[in-house]
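# Descriptive structure summary
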Amino acid sequence: MKPADRVELFRRLQAANPHPTTELHYKNPFQLLVAVILSAQATDKSVNLATAPLFKSIKTPADLLAFGHERFEAAIRTIGLYRTKARNVMATARILQEQHGGLVPDRREALEALPGVGRKTANVVLNTAFGQPTIAVDTHIFRVSNRTGLAPGKTPLAVESRLLKVVPPEFRQDAHHWLILHGRYVCRARQPDCANCILLDLCSYGAKHV
DNA sequence: ATCCCGAGGG
DNA sequence: CCCTCTGGAT
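## Describing the domain arrangement of chain A
By domain assignment, chain A separates into domain 1 (3-20 + 134-208) and domain 2 (29-128). Taking only C-alpha atoms, the centre of domain 1 and the centre of domain 2 are 27 Å apart. Contact residues are listed per partner, giving 11 residues for domain 1 and nine residues for domain 2. The largest contributions to the domain 1 side of the interface with domain 2 come from Thr134, Ala136 and Glu160, which together make up 49% of the buried area. Applying the counting rule to domain 1 against domain 2 returns two salt bridges. Run the count over domain 1 and domain 2 and you get six residue pairs in polar contact (both at pLDDT 80 or more). Where the side of domain 1 that touches domain 2 is concerned, the elements lending two or more residues are helix 10 (156-166) and helix 11 (172-185). When residues in the side of domain 1 that touches domain 2 are grouped by element, the largest group, four residues, is from helix 11. Tallied by class, residues from the side of domain 1 that touches domain 2 come to four nonpolar, four polar and three charged.

## Examining the protein's contact with DNA strand B
All residues adjacent to DNA strand B are Arg77, Thr78, Ile79, Gly80, Leu81, Tyr82, Arg83, Thr84, Arg190 and Gln191. In the model, a phosphate oxygen of DNA strand B is placed 2.7 Å from a nitrogen or oxygen of the Arg83 main chain. Between a phosphate oxygen of DNA strand B and a main-chain N or O atom of Thr84, the distance comes to 3.3 Å.

## Overview of helix 10
Given 3.6 residues per helical turn, the α-helix brings residues three or four places apart onto the same face. Buried residues of helix 10: Val159, Glu160, Leu163 and Val166, and no others. Down the axis, helix 10 shows its buried residues gathered within 140° of arc, on one side only. Counted as exposed and oriented over 90 degrees from the buried face of helix 10: Leu157 and Lys165. At its buried positions, helix 10 is contacted by helix 1 (3-16), helix 7 (108-112), helix 8 (119-128), helix 9 (139-148) and helix 11.

## Some thoughts on empty space enclosed by the protein
Vacant regions in the atomic arrangement are exposed by a probe of water-molecule size rolled over the atoms. Scanning the model with the defined rule gives one cavity of 30 Å³ or more in all. Taken together, 13 residues form the lining of the largest cavity, with His182, Cys187, Cys194, Cys197 and Cys203 sitting closest to its centre. A class-by-class count of the residues in the lining of the largest cavity yields nine nonpolar, three polar and one charged.

## Focus on the protein's contact with DNA strand C
If you check the shell around DNA strand C, you find 27 residues, and the closest are Asp44, Lys120, Thr121, His140 and Arg184. Per the 4 Å cut-off to the protein, sugar and phosphate atoms form 64% of the nearby atoms of DNA strand C. The side chain of Thr121 places a nitrogen or oxygen atom 2.6 Å from a phosphate oxygen of DNA strand C. Between DNA strand C and Arg143, the relevant distance is 3.1 Å, taken from a phosphate oxygen to a side-chain nitrogen or oxygen of the residue. Breaking the surface near DNA strand C down by element, the ones donating at least two residues are helix 8, helix 9 and helix 11. Element by element, the count of residues in the surface near DNA strand C is highest for helix 11, at four residues.

How each quantity is defined
Residues numbered from 1 in each chain as written. Chains lettered and ligands numbered in written order. Predicted model: local features only at pLDDT ≥ 70, side-chain atom pairs only at ≥ 80, totals over all residues. Heavy atoms only, no water. Domains from an automatic or database assignment. Contact = heavy atoms within 4.5 Å. Buried area = accessible area lost by both parts, 1.4 Å probe. Salt bridge = Lys/Arg side-chain N within 4 Å of Asp/Glu carboxyl O. Polar contact = N/O pair within 3.5 Å; in protein donor to acceptor, adjacent residues only side chain to side chain. Helix = DSSP H or I, 4+ residues; strand = E, 2+ residues; numbered from the N terminus. Nonpolar A, V, L, I, M, F, W, Y, C, P; charged D, E, K, R; others polar. Near = heavy atom within 4 Å. Buried < 20%, exposed > 50% of the residue type's maximum accessible area, 1.4 Å probe, protein only. Arc of directions from axis to C-beta. 1 Å grid on protein atoms, 1.4 Å probe; cavity = no way out; pocket = protein on both sides within 12 Å on 5 of 7 lines; lining within 4 Å. Points joined across faces, edges and corners; volume = space filled by probe spheres on them.

Encoded structure:
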């Protein structure tokens with residue numbers, strides 16, 4: 001994709017959604033971290049449904065440790081992958097409590113050392129909780145970047161490094177959420193809504209799928 | 001490459 | 001029934 005088209009692409013996404021944010025519900029960095037770990041291979045909606053009652057009382061790692069593994073696992077069962085996620089979240093809470101003073105670290109290495117936290121989750125926390133211009137390449141961004149031709153790549157990491165090069169600086173902070181939302185609601189995995197896509201004329205894929 | 005895994009949509 | 005959902009660890 002030509003540089004001028006990249007700028008136009010983000011201008012349109014910005015016009016459609018001036019202040020994009022995550023759809024996960026949370027009140028502080030710890031709750032965000034927990035919600036993002038839980039969101040792997042799950043919809044934001046199902047995560048919010050499970051965390052709504054939990055986050056009323058659980059606001060810190062100490063709160064979660066006091067709440068207990070058994071009760072937490074039962075409370076997130078509807079999300080799926082619940083055994084692994086419960087184990088990872090509880091272990092993460094313990095590490096935060098014992099090694100980080102109960103706070104969520106703002107460095108990639110420390111975040112990725114937590115169980116259940118990989119590059120994608122660390123990027124979301126760095127971007128959304130700490131305002132860093134990272135781009136977390138999830139299933140949506142990977143798909144949108146390849147389909148449109150904005151930042152093609154064979155792996156999520158390849159797409160991420162490409163995006164960091166081609167996204168104009170003024171759009172870097174919000175690019176993450178724009179691409180996510182576009183992928184979720186328009187450039188869907190199954191039946192992309194190319195007919196109603198505001199990026200159609202910029203896209204290498206859309207012309208063949210209207 | 002495979003496992004974890006429930007819920008919702010087509 | 002099948003596929004997908006803001007993946008990570010083995």
